[in-house]
Amino acid sequence: MNNFKSAIRTCIIFLIVLTILSAAIMSAFFIGENYYYQDSRERAELSGTLDFFVCGASHAMRGFRPDILDQELGVNSYNLSCSRQTMQGRYELLNLELNRNPAKTVVLELSYDSMTRNRDEEGPEGDIYMLGKLGGFMPRIKYFFSAIRPKEYGRMYYNYIDNGVNCIKKIIHGTWTNKNTKLEKGYAAYKRDDDELNQDLKKIYHTRSFEETVYEPNVEYLNKIIALCKEKNVQLILVTTPLSKVTVCRYDNLDTFKEWYENVANENGLQYYDFNLIRDKEEKLPDSSAFSDKFHLGNKGAGTFTKMFTDVLNKEAAGEDTSALFYGSYSELESHMTLDK
Amino acid sequence: MDLLTLGFLLFCIVLVIVYYLVPKAMQWWILLAASLYFYAMSGIKNMIYVLITALSTYAATRMIQSLTDRQKEWIKANKKTTSKEERAAYKAHIQAKRRAILVAALLLNFGILCTFKYLHFLIAQVNTVISSFGASPINDTLKLIIPLGISFYTFQTMGYLVDVYWNKYPAEKNFGRVLLFVSFFPQMTQGPISNYKDLTTELFKEHTFTYHHFSWGAQRMFWGFFKKMVVANVLSAYVQDVFANYASYSGITTLIGAFMYSVQIYADFSGYMDMMCGFCEVLDIRLTENFERPYFSKSIAEYWRRWHSSLGAWFKTYIYYPMAMVKWNQKLGRWAKQKLGKTFGQTVPASVALVVVWLTTGLWHGASWAYIAWGGVNGIFIIVSLWMETVYASWKQKLGINEASWGWRAFQTIRTFILVTFIKVLPEVGTLSDGFGLWKQIFTNHTIPRSFHALLPFVDKKMPLLAVMIGTILIFVTSLIQRRQPIRQWLEDHTNYAVRVLIFAVLFIVIVYFGYPASGNGGGFMYEQF
């Protein structure tokens, strides 16, 4: 029995020492300039004052500028989006924020992969960011065990150690800081990548399709978000952010996703806007200056798009019929589109 | 089941807990259940071959034993009533039956092994020959996947079969015990190839949990993980790059790549051994050691006594000695002694046996001419050393070389390491001509790289390389310490409990940090392929 007790004691001491060492290495990352932890601290400071939220993945993170939303709509907004944010992540974050803020409106970004993104195949990247964005120890622990698969624990541990080591290197070089200068109420501008947008549209026209197999947990969490907003008496607006013309031309099944989201909106009495179909998109959001890559708006484009979005909302609020501002489908859009550069 | 996963770690933890909770008489049943579960995870179909081997070996050994017992009883009962010739005839009759059962069981099991490992190679060679005569080649559409560990458990089990035939010990009556001997999972995929007596003594004795075994076993497992994940896996990416692109690299870069391969394969294989031997130590089971600081060897022959020594011992016992003692070889030896002198009288039979041993060793490692050539080259070095032993001794005497001197031993060690490296890479680059191509690149491309990137173009980031270098130095230093005492004993003598816990906590973090991203490059173990 003494042998067994000694072994258990050694295991416990080892785990304690390992935890302390690991925490020491990771600590610089958690209190440093990391975007997601910075974001959760900023939201905690603004807690109780925010009334307008944008929630989505990287399209929304790069596309919606809270400063323009605040200016045009007279709100105090925050962009909750992050790269690869899962539907579960969106629900958990909205649940957190709607419970501590007097929210009136939520804009939920839905794109071609919001319902088809398979968490089991994709891996934990979006959930790693979510763990940063959630505030507090217990919500993070709860989310960790609900979202992260056991087979991913090793990778998660590696990820945090790696981030910690990189911060230690910055400390050694004197470049570590706990202020993220790129953060603007959840919005982060994106760098331009020319090559992706330099394509011969005639050659690439309708050569690819997006995945259409729905991952059921995504639908469950979408329904949960809808129910949450109803429960909190919050207006929920479904939005598809603009994609580059290269992408709209290349993929042949964007109407499929538009119809899905229209059905969801109709069944739940919600508004849905697909900003790829807005009539003046090509003039106001040309690939050459508005987009940083095939799927994401650049800073200038985000400003223009956010203004376009607020104009639509303001017109809706004024009782105008905004449906005339949009094409009815991608087929209709393409009949008006030229494939010359 | 992949060893480098959380799933395997949980499997080990559950096994240890259950193992020590059950009554001691049931412990080997737990090991059997765990082994069958482990193997089933690799594919239920693969279990068929393990069961065939276990059943055929069990049946064959029981039949051979029964004939042996029958012979003894008959001789005892009829000693006074039969003549010497009658008893000899009876013995010969029984022996013929025993031999027939042995041969049948060997043919069945080696037949299965050879079909999976060598069928495609044989078909390819036949096609080469018949194509040269203008005939149409045989259509090879069979997609045979080699069952996990078949080379190891077949050799181990056939060793047991031959031992029973040789009356070394009686056949096991309990099929479950034979099945555990065949399928014991820690050694199933990469060895060591154990002797039946040694392994079963360990497996079937009563095991009591002790803190000493637990902590030493766990420490050894940690060390094995470090060697595999930090050193072997990181080097794997570099070595693969060198072997794929040696034609465009300088001779020095290619040579560095070859040396890296030597370190990689040692860290990979010995790392696995450390993991499994460490785990077995936690279970109070001692496995045969497979490595004894092989890169400190002073000759090729000594290297092969220290590297994968269980395979060498198997070949020595079941191939070398029988070949050396077979009548026609002994006759050849007498002829050589008559014609060429006493020295050749001894070395010729040994050389013939060595040729057979090394060609089959090459084939065991892989079904290709490159592996056969690899075995042949090793054999040639050993045979030439055997023949030249007295000549070398006279040269050393004339040159006044002190064999015990540090300088001479260092020269021998470095020379052997370089030779072993060159021989090792021959089959690993691809085909035999690729192997020779790599050798040629080392010796003929004299470009001097002028920068770090030119010297090591396959290195993206410096930190993993630094980890590998430190890891290699650590392996070297622990090997030096282990010449006098086990490293774990050294740690206990020179550090306190707190320092040891800290060392292993740091080691854990290093393994995860440097080992995790690299595990995708060389996730499997190299000797699993054999």
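Parameters and conventions
- Residues numbered from 1 in each chain as written.
- Chains lettered and ligands numbered in written order.
- Predicted model: local features only at pLDDT ≥ 70, side-chain atom pairs only at ≥ 80, totals over all residues.
- Heavy atoms only, no water.
- Buried < 20%, exposed > 50% of the residue type's maximum accessible area, 1.4 Å probe, protein only.
- Helix = DSSP H or I, 4+ residues; strand = E, 2+ residues; numbered from the N terminus.
- Pairing = 2+ DSSP bridges.
- Patch = residues over 30% accessible without salt bridge, like charges linked within 9 Å, V, L, I, M, F, W, Y side chains within 5 Å.
- Areas by Shrake-Rupley, 256 points an atom, 1.4 Å probe, with all protein chains shown as cover.
- Salt bridge = Lys/Arg side-chain N within 4 Å of Asp/Glu carboxyl O.
- Axes fitted to C-alpha atoms, helices over the stretch in contact; angles between N-to-C directions.
- Contact = heavy atoms within 4.5 Å.
- Domains from an automatic or database assignment.
- Buried area = accessible area lost by both parts, 1.4 Å probe.
- Polar contact = N/O pair within 3.5 Å; in protein donor to acceptor, adjacent residues only side chain to side chain.
- Nonpolar A, V, L, I, M, F, W, Y, C, P; charged D, E, K, R; others polar.
- Phe/Tyr/Trp six-rings, centres within 6.5 Å; stacked < 30°, edge-to-face > 60°.
- Lys NZ or Arg CZ within 6 Å of the ring centre and 35° of its normal.

Quick look at the pairing of strand β1 (residues 52-55) of chain A
Residues and elements named next belong to chain A.
Argument step 1. Across the two faces of β1 the burial is the same, with F52 and V54 and F53 and C55 all buried.
Argument step 2. Bridging between β1 and strand β2 (residues 77-79) involves 3 bridges; their strand directions are parallel. Bridged to F52 within β2 is S77.
Argument step 3. Relative to strand β3 (residues 105-109), β1 runs parallel, the two being bridged by 4 bridges. Residue pairing across strands places F53 opposite V106, the latter belonging to β3.

Digging into a nonpolar patch on the surface
Argument step 1. Together, L6, L9, L10, I13, I17 and L21 of chain B make up an exposed nonpolar region whose accessible area comes to about 580 Å².
Argument step 2. Structurally, L21 of chain B is set in helix α1 (residues 6-21).

Remarks on the sheet that holds β2 of chain A
Residues and elements named next belong to chain A.
Argument step 1. The 5 strands lie next to each other as β2-β1-β3-β4-β5, forming an open sheet whose pairing is parallel. Edge strands, defined here as strands with exactly one partner in the open sheet, are β2 and β5 (271-274). Within this sheet the neighbouring strands show an average axis-to-axis angle of 15 degrees, counted without direction.
Argument step 2. Of the pairings in the sheet, the one linking β3 to strand β4 (residues 235-240) comprises 5 bridges and is parallel in character. Looking across to β4, one finds that V107 is bridged to I237.
Argument step 3. Sitting on the sheet, helix α4 (residues 66-73) touches β1 and β2, and the angle it makes with β2 is about 155 degrees.
Argument step 4. Sheet contacts for helix α14 (residues 254-268): β4 and β5; angle to β5, the most-contacted strand, approximately 160 degrees.

Examining the domain arrangement of chain B
Residue and element names in this part refer to chain B.
Argument step 1. If you check the domain split of chain B, you get domain 1 (29-205) and domain 2 (216-515).
Argument step 2. Taking only C-alpha atoms into account, the centre of domain 1 sits 29 Å from that of domain 2.
Argument step 3. Between domain 1 and domain 2, the residue contacts involve 29 residues of the former and 29 residues of the latter.
Argument step 4. It is F155, Q190 and P192 that lose the most area in domain 1 upon contact with domain 2, and together they represent 24% of the buried surface on that side.
Argument step 5. At the boundary of domain 1 with domain 2, the tally comes to 0 salt bridges.
Argument step 6. For the interface between domain 1 and domain 2, the tally reads 11 residue pairs in polar contact (both at pLDDT 80 or more).
Argument step 7. Elements supplying a minimum of two residues to the side of domain 1 that touches domain 2: α4 (84-132), α5 (150-165) and α7 (196-203).

Description of α4 of chain A
At 3.6 residues per turn, the α-helix brings residues three or four places apart onto the same side.
All names here are of chain A.
Argument step 1. Residues of α4 that are buried include every one of P66, I68, L69 and D70, and no others.
Argument step 2. Considering only its buried residues, α4 is in contact with β1, β2 and α17 (299-317).
Argument step 3. Following α4 by one or two positions, G74 adopts a phi angle in the positive range, close to 65 degrees.

Quick word on the interface of chain A and chain B
Many descriptions give the size of an interface as the accessible area lost when the pieces come together.
Argument step 1. Residue-level contacts link 24 residues of chain A with 19 residues of chain B.
Argument step 2. With both sides pooled, the region where chain A packs onto chain B buries about 1900 Å², and carbon together with sulfur makes up 82% of that total.
Argument step 3. The tally of links between chain A and chain B comes to 0 salt bridges.
Argument step 4. On the surface where chain A and chain B come into contact, there are 4 residue pairs in polar contact (both at pLDDT 80 or more).
Argument step 5. Where the side of chain A that touches chain B is concerned, the elements lending two or more residues are α1 (2-30) and α9 (153-173) of chain A.
Argument step 6. Sort the elements by how many residues they give to the side of chain A that touches chain B and α1 of chain A lands first, with 14 residues.
Argument step 7. Here the residues of the side of chain A that touches chain B sort into 15 nonpolar, 5 polar and 4 charged.

A short note on the packing of aromatic side chains
Residue and element names in this part refer to chain B.
Argument step 1. Inspection of the entire model under this criterion finds 89 aromatic pairs over all chains.
Argument step 2. Geometrically, the ring pair formed by W28 and W29 is stacked, given 4.4 Å between the ring centres and 25 degrees between the ring planes.
Argument step 3. Residue classification places W28 among the buried positions, given a relative accessible area of 6%.
Argument step 4. Classification of W29 as partly exposed rests on a relative accessible area of 42%.
Argument step 5. Plain terms: the ring middles of F222 and F504 are 5.6 Å apart, the flat faces sit at 55 degrees to each other, and that makes the pair tilted. Here the residue F222 occupies a position in helix α8 (residues 211-245), and F504 occupies one in helix α21 (residues 497-515), the gap between them amounting to 282 residues. The same class applies to F222 and to F504, which are both buried.
Argument step 6. By the ring-pair criterion, three or more aromatic residues cluster together here, those being F259, Y266, F269, F291, Y295, Y303, W304, W307, W358, W374 and F417.
Argument step 7. Across the ring face of W307, the terminal group of K424 is positioned such that the distance to the ring centre comes to 3.6 Å.
Argument step 8. Here the guanidinium or amino end of K462 rests over the ring plane of F452, the centre of that ring lying 4.8 Å away.

Focus on the environment of L480 of chain B
All names here are of chain B.
Argument step 1. Relative to the assigned elements, L480 resides in helix α19 (residues 462-481).
Argument step 2. Here L480 falls in the partly exposed class, since its relative accessible area comes to 33%.
Argument step 3. Put simply, L480 and F296 are 184 residues apart on the chain and 9.2 Å apart in space, counted from C-alpha to C-alpha.

Overview of the pattern of salt bridges
Think of it this way: side chains of opposite charge can pair up when their charged atoms draw near.
Argument step 1. Following the criterion strictly, the structure yields 30 salt bridges over all chains and no others.
Argument step 2. The salt bridge involving E97 of chain A is made with R43 of chain A; its shortest N-O contact spans 2.4 Å. Here E97 of chain A is found in helix α5 (residues 87-100), whereas its partner R43 of chain A is found in helix α2 (residues 35-46), with 54 residues between them in sequence. Note on accessibility: E97 of chain A and R43 of chain A belong to one class, buried.
Argument step 3. Measuring nitrogen to oxygen at the nearest pair gives 3.0 Å for the salt bridge that ties R306 of chain B to E302 of chain B. Taken together, the residues R306 of chain B and E302 of chain B, both in helix α10 (residues 300-306) and 4 residues apart, mark about one turn of the helix.
Argument step 4. Among the residues examined, R306 of chain B registers a relative accessible area of 14% and is labelled buried.
Argument step 5. Take E302 of chain B: its relative accessible area is 13%, and that puts it in the buried class.

Some words on the pairing of β3 of chain A
Argument step 1. Across the 5 residues of β3 of chain A, 5 count as buried, placing the element largely inside the fold.
Argument step 2. Of the two faces of β3 of chain A, the one lined by T105, V107 and E109 of chain A and the one lined by V106 and L108 of chain A are each fully buried.

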